[in-house]
Structure formats: C-alpha cells, structure tokens
There are 2 protein chains.
Amino acid sequence: MRVSIIGSGNVATHIAKALRNANVTLLNIWSYNLENAQMLANKVDAIAVTKLSQINTDDSDAVLISVKDDAIATVASQLVNYSGLIAHTSGAVTIDVLSNHKNYGVFYPLQTFSKHKELDFGNVPLCLEANDTSNLDSLKQLAKLISKSVYEVDSEQRKTLHLAAVFACNFPNYLYGVAQQLLAQNHLDFDIIKPLIIETANKIQTALPMEVQTGPAVRNDEQTLKKHEGMLQEHPEWLTIYKLLSEQIKKG
Amino acid sequence: MRVSIIGSGNVATHIAKALRNANVTLLNIWSYNLENAQMLANKVDAIAVTKLSQINTDDSDAVLISVKDDAIATVASQLVNYSGLIAHTSGAVTIDVLSNHKNYGVFYPLQTFSKHKELDFGNVPLCLEANDTSNLDSLKQLAKLISKSVYEVDSEQRKTLHLAAVFACNFPNYLYGVAQQLLAQNHLDFDIIKPLIIETANKIQTALPMEVQTGPAVRNDEQTLKKHEGMLQEHPEWLTIYKLLSEQIKKG
C-alpha cells in the first residue's frame, strides 16, 4: 500500500515511522510548515508538501489526516475530489466529518505519544471504523502491518474510549505530579516513588482495578485519612481532591 | 544475618522470600494463625510460631515487625526484653513506637504488594531509619542484600512518602477503575486501554509529570471538556471528579 499523511505532529510522526518500518511506501507528508513536513518526510523517505493540492492522490491508496481536531473538516473539504480511502486519526471526532467522501474511515491509535519518547508501535491499540466493510478491510490490512492490537470501534464507542482515556491517563498523570511536588517540598527524590507507579499500572494488566485497590480509604483507616488531611492543610486544592477520591474509594 | 519475621501478610511474605533468596537465614515466622505462619515458614525454611515468646531471640540478629499498623505497639511491648535490632515495616507509623527498645529502626518497602503477584524485589525502594548510626548500618546491610534502591528516610519524610503514595498509587488505581467501568458500560474491552495506562506510567520515569501532561484540560479544549461532562450526566460522582481534576490541570 502507498500512503500519504497530512500532518507532522506526534501522532503523524509515530504512525508514519511505524508504516515505514513495515515497508509501506509513504508518498507525501503534508504540513503548512515546510520545515516540519521535510523533517518527517526525510525520516520516512517521502516527499514533503505544503499544499494539499500537491499530494499525489493518483497514486495514494490511502490518505491519513492527522491534524488538530478542529482542522480535520477544513482539510477534508479540500480533498473532496480524492476518491481513494481517506481516514482521520482522532479519538474525539466522529466519522461523519468525512462523509462528503466516497471511501472514508477512522484510524485512531489509542496511546499517548511524545515526540522524544520512542515506543513499540506493535502494542498500540488501533481503533478502526469505516463507511463500508470493504474500506474497513483496507484499514484493517494497513493496521495489522504495524500493530498486534486492532479493534473495530464505532464513533459512539470511540467517544467513550476518549473519555475513559482521560480517567486512565490524563488524571493519573496529574496525580503523579501532586505526588512529585509533595516529595520535592520535603526534599525527597521523585525517583523513590517511581517503582510504585510502574507496579500500580502493571497490576491492572491482569486484575480489575477494584480488586487490587489498596490504601487507607479502602481499609476505612480513619486515623490515617485524618492524618493525611491534616498534612494537606496548606494545599486546600489537593485536600479537596484527597477527600473526594477517598470518599469514592470508601464507597467501593 | 539471621532474621525473624513477625507477620505473614503481603509485606512479610515478600520481604521473607527476598531475604531467603539472598541466603539470609530466617529463624522464625510468627502469626497468631498457625496455618498462615506455617505456609510462609515452609517457603523460607523457617520455623513457624504462634506465640511471641517462642521467637528465638537469642539467635536473631534482627526481628522485623510486619503486622497491621495499630498492632505494632502491642507486639513491640511483648518483645521489650529482646535487646537485638528490632524494626517495623510500616510507612505510616513513626519510629518512636519502638523507643522502649535499645536497638530499633524502620525497614519500609515503598511498594504495593499483592499475594498472588510476583515482583522483582531488587527494584523495591527500601526506606530506612534507625535510632543510631550503627543500627542504621545494620539495616542498610540487610536492605542492600535484597534491593538496589536503599534510602535513608526519617519519620517525618516517611509520612510525606506515605501520603504521596496515595496520590501516586491508590488514586490512579481508583481512576483506572472508573475507566474500566465506562468501557464495560459501552461494551468495550478493558484490554484496549491497558497499553495507555502502562505508557503513562512509563513516561514519568524520565520526565516530570507536569511536562508530559496531555488531554483536553491542559489544552484548554473547552468543546471536548463540555462534551465529556455531558457524557457523565448519569454518573454525578464521576462528573464531580472530572470537573475538579480538569480545573486543577487547567491551572497548571
């Protein structure tokens, strides 16, 4: 398959590199910023373009749109004459944004990507949706080249997935930050708590989170809860979080 | 060194097995329940006892107390004639609970342990405190036999560590549970989000959490925040958590 990618951000970069590693031909990388387009294009042996009209639509079997959510509609409208398969990579945007096309779908990698952090794309869950079974098959074929975890997920389910990811990723990361600041304020190295963070994430790979809940709240250890609340007096916002989450955990 | 362990729960079990693997002689395992004491004793070639007076204090170089927090004082008071090194393994209890002894300290493993989940004890941070430098050295010697991560942490710091662990482990685990339930309610497999949970924990091994915060709140993506809040109308408690944590993340 020959693929062009619209975008040069974190998601575009990780997908492009994974496809290149799977010997998929990348025709064009588009970014309105030539330098960004060129940098990614160089990595994946593609041609950088800065105008959507420059994309080699004749030879592309698929075009992936990996731009900011609110730019997807605009990009798609400029490619409305492209009759090949077009798919966006967003978790939060429904498939309908592409419904002016003949062949369209969604190719959503459920992972948190950073530019400077390599990861094994083979473990990234790819959530696919398409306007018909033939296009779904094409996306599946492409997805299976780069990942062991390929799921069929409709737009409604993808919305839930995106919300669940906030609870599973964004909020825990914020709480890691609170822990880090508490330690720093008491001259303790953040490193000391990192194995605990890893093991907490590891545990739920083989158990339901509710089954492995630990800590003073689930034990109804009022003495420790009160002590902790006392220690948070100077951080009223963290205290509010502490009380709210502890209450929820107590309810089970 | 020859060590006796008072307790047969998760922490006692993991410490005892780690010591045995490091060729430390385990003399006695105490539990008021003989079956529990025997089960662990069998694993580590020790003698099970159910009375504290049966512990071979003459030959023990150290006794580790690994019982529930509010039982430590009682256990210690019954061993007040033991003049060797005695240490408890709790994160939440100060060293003073053992101050009626001559030689005492704390041997606190900062990790979440489950009975049925093996883990590499070599990566478990051991937080040590003692009443004098000679006892601290003895605890260090013991700790370094079983872990690469040995820290000196006083009682005040250990209180902070214990509080930070709630934010870094107990609360994230609760939020994994919310994600799991959201997925289940929409017929989505929890497996789909597990790689994201692992990668979120991996990321902060080499970066500060605040530097790698992602999601709609940190982007000030009001449209997505409103959409998510709408989806949580039927779960008012999760909605409260969503709003509170999103507000905090927005403040940075």
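Coordinates for the structure precede this section.
We now turn to the structure provided with this report.

### A short note on the overall build of chain A
In terms of helices and strands, chain A carries eight helices and eight strands. Per-residue burial over chain A gives 57% buried out of 252 residues. Counted over contacts in chain A with a minimum sequence separation of 6, partners at least 24 positions apart contribute 49%. Accessible surface for chain A amounts to roughly 10900 Å². Of this, 46% is attributable to carbon and sulfur atoms. Positive and negative side-chain charges of chain A, numbering 22 and 26 respectively, have mean locations separated by a distance of 2 Å.

### Points about the interface of chain A and chain B
At the interface, 83 residues of chain A touch 83 residues of chain B. Taken together, the two surfaces of chain A and chain B that pack against each other cover about 8300 Å², and 70% of this comes from carbon and sulfur. Counting the contacts that link chain A with chain B gives two salt bridges. Inspection of the region where chain A meets chain B yields 26 residue pairs in polar contact (both at pLDDT 80 or more). Secondary structure elements with two or more residues in the side of chain A that touches chain B: α5 (155-185), α6 (194-203), α7 (222-231) and α8 (236-251) of chain A. The leading source of residues in the side of chain A that touches chain B is α5(A), at 26 residues. A per-class count over the side of chain A that touches chain B returns 49 nonpolar, 25 polar and nine charged.

### What about the sheet that holds strand β6 (residues 103-109) of chain B?
Residues and elements named next belong to chain B. Sheet architecture is open: eight strands sit in the order β3-β2-β1-β4-β5-β6-β7-β8, paired in mixed fashion. Whereas interior strands pair on both sides, the edge strands pair on one side only; in this sheet they are β3 (47-49) and β8 (150-152). Mean inter-strand twist for the sheet, computed between neighbouring axes without regard to direction, equals 25°. Of the pairings in the sheet, the one linking strand β2 (residues 25-30) to β3 comprises three bridges and is parallel in character. When the bridges of β3 are listed, N28 appears paired with I47. Against the sheet, helix α1 (residues 10-21) engages β1 (2-6), β2, β4 (62-65) and β6, with an angle of about 165° to β1. Of the strands in this sheet, β1, β5 (85-88), β6, β7 (126-130) and β8 are in contact with helix α4 (residues 133-146), which crosses β7 at around 165°.

### Things to note about helix α4 (residues 133-146) of chain A
Residues and elements named next belong to chain A. The end-to-end C-alpha separation of α4 is 20 Å, in line with the 20 Å expected for 14 residues at 1.5 Å each. Turning to α4, its buried residues are N135, L136, L139, L142, A143 and I146. Burial along α4 is one-sided: seen end-on, the buried residues are contained in an arc of 125°. More than 90 degrees from the buried face of α4, the exposed residues found are T133, Q141 and K144. In this fold, the buried residues of α4 make contact with β1 (2-6), α1 (10-21), β5 (85-88), β6 (103-109), β7 (126-130) and β8 (150-152). Sitting at the head of α4, D132 places a side-chain oxygen 3.1 Å from the backbone nitrogen of S134.

### Concerning the state of the cysteines
Residues and elements named next belong to chain A. One pass over the full model with this rule turns up zero disulfides over all chains. Between C127, a free cysteine, and C169, which holds the nearest cysteine sulfur, the sulfur-to-sulfur gap is 14 Å. The exposure class assigned to C127 is buried, which follows from its relative accessible area of 0%.

### A short note on the sheet that holds β1(A)
All names here are of chain A. Overall, mixed pairing links the eight strands, which are arranged β3-β2-β1-β4-β5-β6-β7-β8 in an open sheet. Where the open sheet ends on each side, the last strands, each with one partner, are β3 (47-49) and β8. Strand-to-strand, the axes of this sheet are offset by a mean angle of 25°, without reference to chain direction. Direction of pairing for strand β4 (residues 62-65) relative to β5: parallel, over a ladder of four bridges.

### Some details on the environment of B:F107
All names here are of chain B. Position of F107 among the secondary structure elements: in strand β6. The exposure class assigned to F107 is buried, which follows from its relative accessible area of 0%. Measuring from C-alpha to C-alpha, the distance between F107 and D70 comes to 17 Å, with 37 residues separating the pair along the chain. Apart from residues lying up to four places away in sequence, F107 is in contact with I15, L64, A87, H88, T89, L126, C127, L128, L139, L142, A143 and I146.

### Some details on the nonpolar core
The biggest cluster of nonpolar side chains holds 117 residues, and the ones touching the most others in it are A:F167, A:I193, B:I6, B:F167 and B:I193. Apart from residues no more than four positions distant in its own chain, B:F167 is found in contact with A:L175, A:Y176, A:V178, A:A179, A:L182, A:L232, A:W238, A:I241, A:Y242 and B:P172. Counting 33 residues, the second-largest nonpolar core is a separate cluster that includes B:V3, B:L128, B:A143 and B:I146.

Procedures and definitions
- Residues numbered from 1 in each chain as written.
- Chains lettered and ligands numbered in written order.
- Predicted model: local features only at pLDDT ≥ 70, side-chain atom pairs only at ≥ 80, totals over all residues.
- Heavy atoms only, no water.
- Helix = DSSP H or I, 4+ residues; strand = E, 2+ residues; numbered from the N terminus.
- Buried < 20%, exposed > 50% of the residue type's maximum accessible area, 1.4 Å probe, protein only.
- Contact = heavy atoms within 4.5 Å.
- Areas by Shrake-Rupley, 256 points an atom, 1.4 Å probe, with all protein chains shown as cover.
- Lys, Arg positive; Asp, Glu negative; His and termini not counted.
- Charge placed at Lys NZ, Arg CZ, Asp CG, Glu CD.
- Buried area = accessible area lost by both parts, 1.4 Å probe.
- Salt bridge = Lys/Arg side-chain N within 4 Å of Asp/Glu carboxyl O.
- Polar contact = N/O pair within 3.5 Å; in protein donor to acceptor, adjacent residues only side chain to side chain.
- Nonpolar A, V, L, I, M, F, W, Y, C, P; charged D, E, K, R; others polar.
- Pairing = 2+ DSSP bridges.
- Axes fitted to C-alpha atoms, helices over the stretch in contact; angles between N-to-C directions.
- Expected span 1.5 Å × (residues − 1).
- Arc of directions from axis to C-beta.
- Disulfide = S-S within 2.5 Å.
- Core = buried A, V, L, I, M, F, W, Y, C linked by side-chain atoms within 4.5 Å.

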